[in-house]
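Architecture and fold: a report
Here's the letter readout for the chains.
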Amino acid sequence: MKRRAALLIALLVAAIAAGLFLAGILDPAEKREQAQVPIGGPFKLVDQTGRTVTEADYAGRFMLVYFGYTYCPDICPTGLATISAAYDLLTPEEQAQLVPIFITVDPERDTPEVMAGYVSLFHPALQGLSGSPQAIASAIAAYRVYARKVEDKDRASTDYLVDHSTFAYLMDRENHYLTHFPHGMLAEDMAAKIRDYLD
């Protein structure tokens, strides 16, 4: 009798656990691993001055990384303006710990010279990074960014749009992902969240 009761209890516990699993309340180890997919990684690009840079050049500072392109009609200017405004809300001591970085998803048109003129419109601290299509593709993959050229037969071959994700990624001093900020976030909220991670 005791054995049967113990078996029934065990079956009941298993059934509850299975129910929670199916409901998504208990995550399997595989799902937890998928949720921890790394964002960020090594890169070798060229800044707006023509200097080759890697993630090691920014070691010791937090990076606020945004992907976009200079021909973007509205999303990128808005995003970079927000990043610039958030940066200005930080104290000089806080600013010294952070470098805002704009990486192009359109290396065909966004040469270092083009990037230099573009980032100067937003903030002197903003770093504009370009590079070869292969180097940019590697950075895009490392940061899990979506970017795709939009084909339009009514446009010239050099006049195209690029669909891309619009997150700004906050990386720690060792280029590890901390959090991200969605498009449309207020500069005040972004600055406050960044400040939570700074010393």
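Residues numbered from 1 in each chain as written. Predicted model: local features only at pLDDT ≥ 70, side-chain atom pairs only at ≥ 80, totals over all residues. Heavy atoms only, no water.

Digging into the environment of threonine 54
In this structure, threonine 54 sits in strand β2 (residues 52-54). On the basis of relative accessible area, threonine 54 is assigned to the partly exposed category, the value being 23%. Between the C-alpha atom of threonine 54 and that of proline 42, which follows or precedes it by twelve residues, the distance is 7.0 Å. Sequence-distant contacts of threonine 54, defined by excluding residues within four places in its chain, comprise Phe43 and Lys44. (Helix = DSSP H or I, 4+ residues; strand = E, 2+ residues; numbered from the N terminus. Buried < 20%, exposed > 50% of the residue type's maximum accessible area, 1.4 Å probe, protein only. Contact = heavy atoms within 4.5 Å.)

With respect to the confidence of the model for the chain
Should pLDDT be low for a region, the predicted coordinates there are not to be read in detail. When pLDDT is averaged across the chain, the result is 85; 80% of the residues are at 70 or more. Of the regions scoring below 50 in pLDDT, residues 1-35 engages in six contacts with residues more than four places distant in sequence or in other chains. (pLDDT = per-residue confidence, 0-100.)

Observations regarding the packing of helix α3 (residues 75-88) against helix α7 (residues 187-197)
Contact geometry for α3 and α7: axes closest at 8 Å, N-to-C directions at 55 degrees. It follows from the interaxial angle that α3 and α7 lie oblique. Judged by the sense of rotation from one axis to the other, the crossing of α3 with α7 is right-handed. Two secondary-structure elements touch here, α3 through Thr82, Ile83, Ala85 and Ala86 and α7 through Ala187, Met190 and Ala191. Per-class residue counts for the contact of α3 with α7 are six nonpolar, one polar and no charged. (Axes fitted to C-alpha atoms, helices over the stretch in contact; angles between N-to-C directions. Parallel < 35°, antiparallel > 145°, perpendicular 65-115°, else oblique. Left-handed = near helix turned anticlockwise from the far one by under 90°. Nonpolar A, V, L, I, M, F, W, Y, C, P; charged D, E, K, R; others polar.)

A closer look at the side chain of aspartate 110
Inspection of the secondary structure assignment puts aspartate 110 in the loop between β4 (98-104) and α5 (112-119). For aspartate 110, the residues in contact, after removing those within four places along its chain, are Tyr69, Thr70, Tyr71, Thr104, Met115 and Ser130.

What to know about the pairing of β4
When a strand is regular, its side chains alternate between the sheet's two faces. In terms of burial, β4 is largely enclosed, as seven of its seven residues are buried. A two-sided burial pattern is seen for β4, the buried positions comprising Leu98, Pro100, Phe102 and Thr104 on one face and Val99, Ile101 and Ile103 on the other. Bridging between strand β3 (residues 62-68) and β4 involves seven bridges; their strand directions are parallel. Among the inter-strand pairings, valine 65 is bridged to a residue of β4, identified as isoleucine 101. One ladder, built from three bridges, connects β4 with strand β5 (residues 127-129); its direction is parallel. (Pairing = 2+ DSSP bridges.)

Considerations on α7
The complete set of buried residues in α7 reads Ala187, Met190, Ala191 and Ile194. Angularly, the buried residues of α7 cover 95 degrees about the axis, an arc narrow enough to put them on a single face. Where α7 is buried, its residues touch β3, α3, β4, β8 (168-171) and β9 (177-181). (Arc of directions from axis to C-beta.)

Looking at the pairing of β8
Neither face of β8 is left uncovered, since the one carrying Ala168 and Leu170 and the one carrying Tyr169 and Met171 both have all their residues buried. Relative to β8, β3 runs antiparallel, the two sharing four bridges. Bridge pairing in β8 links leucine 64 to leucine 170. Pairing of β8 with β9, which is carried by four bridges, proceeds in the antiparallel orientation. Of the residues in β9, the one forming a bridge with tyrosine 169 is histidine 180. In sequence, β8 turns back onto β9 through a hairpin of five residues, with asparagine 175 there showing a positive phi of about 65 degrees.

Section: the packing of aromatic side chains
Each aromatic ring pair is summarised here by two numbers: the centre-to-centre distance and the angle between the ring planes. Evaluated as defined, the whole model comprises eight aromatic pairs. Judged by centre distance (5.7 Å) and plane angle (35 degrees), the ring pair of phenylalanine 102 and tyrosine 118 falls under tilted. Taken together, the positions of phenylalanine 102 in strand β4 and tyrosine 118 in helix α5 put the pair 16 residues apart, joining distant regions of the chain. Taken as a pair, phenylalanine 102 and tyrosine 118 share a single burial class, namely buried. Between arginine 109 and the ring centre of tyrosine 160, over which it is positioned, the NZ or CZ distance is 3.6 Å. Across the ring face of tyrosine 160, the terminal group of lysine 149 is positioned such that the distance to the ring centre comes to 4.3 Å. (Phe/Tyr/Trp six-rings, centres within 6.5 Å; stacked < 30°, edge-to-face > 60°. Lys NZ or Arg CZ within 6 Å of the ring centre and 35° of its normal.)

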